[in-house]
Amino acid sequence: MILIVMGVSGSGKTTIGAQLAARLRCGFSDADEFHSEANKAKMARGVPLDEDDRRPWLASLRAAIDEKKSQQRDWVFACSALKRAYRGVLGGGDAALRWVFLDGSEEVLARRLAGRGGHFFDPRLLHSQLQTLEKPLESEALLVSIEAPPERIVTDILQRLNRHPQRDDQVS
């Protein structure tokens, strides 16, 4: 299974994705790893990416997804995937992919971004991301509120996926 944890910046994609991967005992990749240095610099300046910026990023991410699928490896990816078209490029109709959308209010997201350091994303871009966001329907993704603590969110996602791996503190 390939699981893609999606949402705007500050929704907890990396935190939740990494914890899911740990609980599932599989690999994890953050889509930020696939951005070019030019894209990262642009976002750090507070300039939103355009479609030409996103195209090679999405292609690189899609290649990584295809590689994990061809290796028959379970993997969790964290990716904003803001538009349906982007999700389509990443494999929107592929039954081997499961989508999880982390949803939160602009106020909660802004508060989280204000407290985050060491990341290239300029918090001023949040409003732009929310305007770009095409929220998935319940038929397209698991819709998950970001209000609960990460551990509870991860447990909820695993239950909804019908996956019940042991916790890291339990012995197999």
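Residues numbered from 1 in each chain as written. Predicted model: local features only at pLDDT ≥ 70, side-chain atom pairs only at ≥ 80, totals over all residues. Heavy atoms only, no water.

What follows deals with the overall build of the protein chain. The number of helices and strands found in the protein chain is 7 helices and 5 strands. The order of α-helices and β-strands along the protein chain, N terminus first, is β-α-β-α-α-β-α-β-α-α-β-α. Across the 172 residues that make up the protein chain, the buried fraction comes to 42%. Sequence-distant contacts in the protein chain: of pairs separated by 6 or more residues, those separated by 24 or more amount to 75%. (Helix = DSSP H or I, 4+ residues; strand = E, 2+ residues; numbered from the N terminus. Buried < 20%, exposed > 50% of the residue type's maximum accessible area, 1.4 Å probe, protein only. Contact = heavy atoms within 4.5 Å.)

On to the packing of helix α1 (residues 13-24) against helix α7 (residues 150-160), then. Their axes nearest at 10 Å, the elements α1 and α7 cross at an angle of 55°. If you check the angle between α1 and α7, you find them oblique. In terms of crossing hand, the pair formed by α1 and α7 is right-handed. Seen from α1, the contacting residues are T15, I16, Q19, L20, R23 and L24; seen from α7, they are P150, E151, I153, V154, T155, I157 and L158. Residue composition of the contact of α1 with α7, grouped by class: 8 nonpolar, 3 polar and 2 charged. (Axes fitted to C-alpha atoms, helices over the stretch in contact; angles between N-to-C directions. Parallel < 35°, antiparallel > 145°, perpendicular 65-115°, else oblique. Left-handed = near helix turned anticlockwise from the far one by under 90°. Nonpolar A, V, L, I, M, F, W, Y, C, P; charged D, E, K, R; others polar.)

What follows is about the nonpolar core. Among the nonpolar cores identified, the biggest contains 44 residues, and L20 and I157 are the most heavily contacted of them. When residues no more than four places from it in sequence are discounted, the contact partners of L20 are L3, V5, V76, V154, I157 and L158. (Core = buried A, V, L, I, M, F, W, Y, C linked by side-chain atoms within 4.5 Å.)

Turning our eyes to something else, we now look at the sheet that holds strand β1 (residues 2-6). Strand pairing in a sheet takes place through backbone hydrogen bonds and is either antiparallel or parallel in direction. Strands sit in the order β2-β3-β1-β4-β5 across an open sheet of 5 strands; the sheet is parallel. Lying at the two open borders of the sheet, with one neighbouring strand each, are β2 (27-30) and β5 (142-145). Recorded for the sheet is a direction-independent mean angle of 20° between the axes of neighbouring strands. As paired elements, β1 and strand β3 (residues 75-78) share 4 bridges and run parallel to each other. For V5, the partnering residue across the bridge sits in β3 and is A78. Relative to β3, helix α3 (residues 51-70) is tilted by about 170°, and along the sheet it contacts β1, β3 and β4 (97-103). (Pairing = 2+ DSSP bridges.)

Turning next to the packing of aromatic side chains. Evaluation of the coordinates by the stated rule reveals 0 aromatic pairs. It is K68 that lies over the ring of W75; its NZ or CZ is 3.9 Å from the centre. (Phe/Tyr/Trp six-rings, centres within 6.5 Å; stacked < 30°, edge-to-face > 60°. Lys NZ or Arg CZ within 6 Å of the ring centre and 35° of its normal.)

All told, the structure shown has 12 salt bridges when counted by the stated rule. For the salt bridge of K42 with D50, the shortest nitrogen-to-oxygen distance reads 3.7 Å. Taking the relative accessible area as the measure of exposure, K42 reaches 15% and is therefore buried. The closest approach of N and O atoms between R55 and D52, which form a salt bridge, is 2.7 Å. Of the two residues, R55 and D52 both sit in helix α3, 3 residues apart, roughly one turn of that helix. A relative accessible area of 54% places D52 in the exposed class. (Salt bridge = Lys/Arg side-chain N within 4 Å of Asp/Glu carboxyl O.)

Moving on to helix α5 (residues 106-114). Since one α-helical turn is 3.6 residues long, residues separated by three or four positions face the same way. Taken together, the buried positions of α5 are V108, L109 and L113. Projected onto a plane normal to the axis of α5, the buried residues spread over an arc of 130° and lie on a single side. In α5, the exposed positions that point more than 90 degrees away from the buried face belong to E107, R111 and A114. Contacts made by the buried residues of α5 are with α6 (126-132). (Arc of directions from axis to C-beta.)

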